[in-house]
Amino acid sequence: MIDHVLGRPSAKSRRLQILAVLSFWSVYLYRGNRHGPPFVRLLSKFASKKLTGWQIVVFTMMYLYAGRNFSTLVGLASPEPMANMYDAAYFRATWVLTALDAGFWTAMKIRRKWLRDIASMVFTAFYMVAAERADEKVRKVRGMLTVEHLRVSWNKGTSPYLGALQNLMRPRFTRWPPRAIRIPRPETSDYKEPVSGWLYYDGPIADIEHISKVILDIPGGGFVAMDPRCNDDKLLAWAGKTGLPVLALDYQKAPESPYPYALNECFDVYTTIIKTRGRCLGMSGRETPKIVVTGDSAGGNLAAAMVLMILETATSKRRPGLVQEELPPPASLILFYPVLDMNIGNWMSDEQMALIKDRSMRVTNKSYLKRKKMQYNDLVGTPHQSDDEDEYPTTQVPTTNSSAEKPSGQGPEDTHPEYSHASPRTWSKSQPATSPARRESQSLSHHPEPLRTRLAMASMISYFNDRIITPEMMRAMVILYIGPHNRPDFSQDYLLSPILAPDALLERFPKTYFMTGERDPLVDDTVIFASRLRRIKHAYHSRQDIRGMNEQADVADFDDKDAAELVLIPGISHGFMQFPTVYPPAWKLIDRCAQWAEEALNAAEARERREERRSRARLLSNADSSGDEDRPLEINMTRLRGKTSSNDTSGKTGENSDHSGDEHHGVKTNGASSRKRRTNGRGGRGSRSIVKLDSSDDLLSRRMQGLAGPLTGLQNED
């Protein structure tokens with residue numbers, strides 16, 4: 001109370017108040033009457049006749065407890081904000097995590113490490129019983145966060161006692177422990193210090209020589225904390241279930257190494273793996289390894305930005321310092337509750353809402369969108385009369401179907417700040433239509449804008465009271481990651497906020513799997529980014545279809561899931577992959593991610609074999625065409641001979657086209673028969689291998705096909 005009277009709330013004032021109260025009663029007990037003041041002595045004399053000393057103590061504690069909770073007993077307590085926030089299993093997990101945070105933060109100032117580790121567990125046990133005290137402790141600390149608080153909270157899994165408890169409760173996935181590894185930088189990098197990491201593999205290192213697949217994991221931790229060993233549960237499970245090596249990067253953390261140092265580390269590791277063909281990991285180097293990139297939270301930001309840098313190497317407008325040779329993109333990208341937008345905003349824009357309500361995402365976003373629509377009703381307390389804003393015209397989102405549909409001055413290589421929470425909000429190009437009544441009236445009064453999309457608050461603000469990640473923590477992470485000497489453009493730098501990425505890069509973005517909680521403060525960014533990928537890739541493949549690229553099966557049979565798959569888990573929030581010990585349903589989600597990685601790598605192998613067959617068939621077809629051009633040509637002027645030769649030619653062409661897509665054995669047979677025909681054609685004068693064309697038009701068409709076919713890679717299928 002003293003600090004409130006003075007108007008200077010501080011821990012020092014409260015400490016003085018506590019010391020003053022303790023001193024007063026200590027002096028009174030020592031110098032005053034041992035039986036208390038007169039009224040208390042009378043009450044004690046009366047109570048001692050009816051109750052024992054133990055009963056007196058219990059009754060006293062019981063009625064003190066009832067007094068503290070008087071408002072709850074009589075129904076005057078404040079509403080519970082966590083009542084409908086999470087499901088039961090996740091709420092229990094957050095209860096344990098909140099007690100751990102409060103206990104570790106309470107003991108963090110103890111200097112001796114062994115004593116600090118013991119005190120952390122003792123305080124945690126206390127806060128698990130006193131859950132409200134734990135919430136109050138965490139709330140106050142998050143109001144004045146420092147980098148040390150973040151690191152103590154997120155690195156608590158590496159403490160000896162908590163780590164031993166996790167090892168006891170974790171199933172045994174591998175017989176081999178993780179190995180520390182250092183990946184050298186490529187020659188094109190501006191840095192020379194190797195990148196540290198941990199290699200998870202269930203077997204001896206020598207066995208990796210026979211493997212050409214790898215999972216590259218970039219762990220989260222707000223860019224400031226958490227090395228790969230904090231994710232042992234997930235990484236060991238992946239290594240054991242897939243049988244593949246899992247490389248987890250221990251990149252340098254902010255604020256000691258601010259943006260973009262960690263991003264360059266990730267890019268350099270990927271470049272080294274590709275250039276050495278996996279020899280830096282112990283692979284044979286006979287072929288380029290296929291890589292699946294994964295990342296959670298801040299690691300998801302680094303993973304997405306790294307893929308954008310990889311895709312930049314194939315463009316003409318390269319960022320200064322990038323490698324001069326094109327790097328192949330990863331087989332797939334798997335992101336868990338990623339940080340895709342560094343702009344913390346309050347309201348959803350019309351462009352963002354239009355993406356969320358896209359037809360291809362309606363099933364996935366159904367319950368998520370329902371909560372967006374209910375925000376107003378929850379505040380008012382009664383249903384609103386207008387529950388369907390789809391009856392009204394909505395703002396059109398710029399599509400990528402053609403340049404004519406885009407806003408003026410915006411090309412495929414431009415960033416898209418309209419999908420971010422950047423301020424000020426001037427991105428919408430369309431103007432609201434003025435109603436006829438207002439056009440006829442000359443009133444100067446201000447009127448509200450007509451409804452286009454229901455006003456919706458951004459998830460970061462909607463779930464500001466989240467128990468895992470709060471706006472204060474997000475603010476601290478952004479400030480620490482950027483550093484004191486950087487001033488990036490938050491509306492343009494798509495390596496800082498991948499949600500801003502231009503269409504030209506997202507068109508070639510690998511298939512991405514997203515997994516996040518429906519109550520995650522970052523869920524908006526995940527849904528918007530997944531919707532952008534689907535829309536842009538659908539438009540890109542439609543253009544390829546119009547240009548005559550139908551011979552590629554993956555273009556003709558395009559599905560929205562070929563671009564992105566989004567899994568929204570109801571009733572949970574952020575970070576569920578990092579504590580499966582206290583949230584058991586996470587084990588099934590970890591297994592599902594392992595299946596995604598295997599599915600992506602197998603699809604990449606099948607795609608590679610299909611491309612090899614096509615290239616071999618194309619080379620053989622080009623060889624047949626060049627061999628036929630060496631033979632004499634004869635133009636038939638008679639109808640009968642023209643029909644006969646036309647049928648023969650079409651039959652041969654059909655035979656070649658039927659075998660062009662066969663397996664390797666069929667291609668060899670076709671090639672052998674072609675060589676045999678050419679040999680016979682060079683025989684005596686009585687040979688019947690002369691190519692006969694119906695007219696001079698066929699000759700010109702055939703000649704142009706022979707010239708243009710090898711250049712365009714397209715073969716004429718007659």
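Residues numbered from 1 in each chain as written. Predicted model: local features only at pLDDT ≥ 70, side-chain atom pairs only at ≥ 80, totals over all residues. Heavy atoms only, no water.

### Let's talk about the packing of helix α6 (residues 88–107) against helix α7 (residues 113–129)
Step number 1: As a packed pair, α6 and α7 sit with axes 7 Å apart at the nearest point and diverge in direction by 135 degrees. Between α6 and α7, the interaxial angle falls into the category oblique. As α6 runs across α7, the sense of the crossing is right-handed. Only Arg116, Ala119, Ser120, Met121, Phe123, Thr124, Tyr127 and Met128 of α7 make contact with α6, whose side of the interface consists of Trp95, Val96, Ala99, Leu100, Ala102, Gly103, Phe104, Thr106 and Ala107.
Step number 2: A breakdown of the residues in the contact of α6 with α7 according to their chemical character gives 12 nonpolar, 4 polar and 1 charged. (Axes fitted to C-alpha atoms, helices over the stretch in contact; angles between N-to-C directions. Helix = DSSP H or I, 4+ residues; strand = E, 2+ residues; numbered from the N terminus. Parallel < 35°, antiparallel > 145°, perpendicular 65-115°, else oblique. Left-handed = near helix turned anticlockwise from the far one by under 90°. Contact = heavy atoms within 4.5 Å. Nonpolar A, V, L, I, M, F, W, Y, C, P; charged D, E, K, R; others polar.)

### Observations concerning a nonpolar patch on the surface
Step number 1: On the surface, a nonpolar cluster with roughly 500 Å² of combined accessible area is contributed by Trp114, Leu115, Ile118, Val122 and Tyr161.
Step number 2: Of the residues forming the nonpolar patch, the biggest block, 4 residues, is contributed by α7.
Step number 3: In this fold, Leu115 is placed in helix α7. (Patch = residues over 30% accessible without salt bridge, like charges linked within 9 Å, V, L, I, M, F, W, Y side chains within 5 Å. Areas by Shrake-Rupley, 256 points an atom, 1.4 Å probe, with all protein chains shown as cover. Salt bridge = Lys/Arg side-chain N within 4 Å of Asp/Glu carboxyl O.)

### Details of the pattern of salt bridges
Step number 1: A full pass over the atoms with the stated rule returns 23 salt bridges.
Step number 2: A salt bridge links Lys213 to Glu605; its shortest N-O distance comes to 3.6 Å. Of this pair, Lys213 sits in strand β3 (residues 213–218) while Glu605 sits in helix α23 (residues 586–629), and the two are 392 residues apart along the sequence.
Step number 3: Taking the relative accessible area as the measure of exposure, Lys213 reaches 15% and is therefore buried.
Step number 4: Among the residues examined, Glu605 registers a relative accessible area of 23% and is labelled partly exposed.
Step number 5: Taking the shortest distance from any N to any O, the salt bridge between Asp591 and Lys241 comes out at 3.5 Å. Note that Asp591 is positioned in helix α23 and Lys241 in helix α11 (residues 232–242), a separation of 350 residues in sequence.
Step number 6: Its relative accessible area of 25% is what places Asp591 among the partly exposed residues.
Step number 7: In this structure Lys241 comes out as partly exposed when scored by relative accessible area, which is 40%.
Step number 8: Through salt bridges with shared partners, a single network forms among Glu136, Arg139 and Lys140. (Buried < 20%, exposed > 50% of the residue type's maximum accessible area, 1.4 Å probe, protein only.)

### Comments concerning the packing of aromatic side chains
Step number 1: Taken as a whole and judged by the stated rule, the model has 16 aromatic pairs.
Step number 2: Ring geometry for Phe59 versus Tyr63: centroids 6.2 Å apart, planes at 15 degrees, classification stacked. Placement of both Phe59 and Tyr63 in helix α4 (residues 53–68) is noted, with a separation of 4 residues, approximately one turn of the helix.
Step number 3: The exposure class assigned to Tyr63 is exposed, which follows from its relative accessible area of 57%.
Step number 4: Centroid distance Phe223 to Tyr481: 3.7 Å. Interplanar angle 15 degrees. Geometry classified as stacked. Here Tyr481 lies in helix α19 (residues 471–482) and Phe223 lies in the loop between β3 and α11, a separation of 258 residues in the sequence. With respect to burial, Phe223 and Tyr481 carry one shared label: buried.
Step number 5: Ring pairs connect the aromatic residues Tyr86, Tyr90, Phe579 and Tyr583, which therefore count as one cluster.
Step number 6: Directly above the aromatic system of Tyr251 lies the positively charged group of Lys253, at a separation of 4.3 Å from the ring centroid. (Phe/Tyr/Trp six-rings, centres within 6.5 Å; stacked < 30°, edge-to-face > 60°. Lys NZ or Arg CZ within 6 Å of the ring centre and 35° of its normal.)

### Digging into the sheet that holds strand β2 (residues 195–200)
Step number 1: Spatially, the 8 strands line up as an open sheet ordered β1-β2-β4-β3-β5-β6-β7-β8, and their pairing is mixed. Across the chains shown, the open sheet's two edge strands, defined by having one partner strand only, are β1 (179–183) and β8 (564–569). Averaged over all adjacent pairs, the angle separating strand axes in this sheet is 20 degrees, with direction ignored.
Step number 2: Pairing between β2 and strand β4 (residues 246–249): 4 bridges, direction antiparallel. By the bridge assignment for β4, Leu199 is matched with Leu247.
Step number 3: Packed on one face of the sheet, α11 meets β2, β3, β4, β5 (290–296) and β6 (332–336) and runs near 170 degrees to β3.
Step number 4: Helix α13 (residues 298–312) rests against β3, β5 and β6 of the sheet, and its axis sits at about 140 degrees to β5. (Pairing = 2+ DSSP bridges.)

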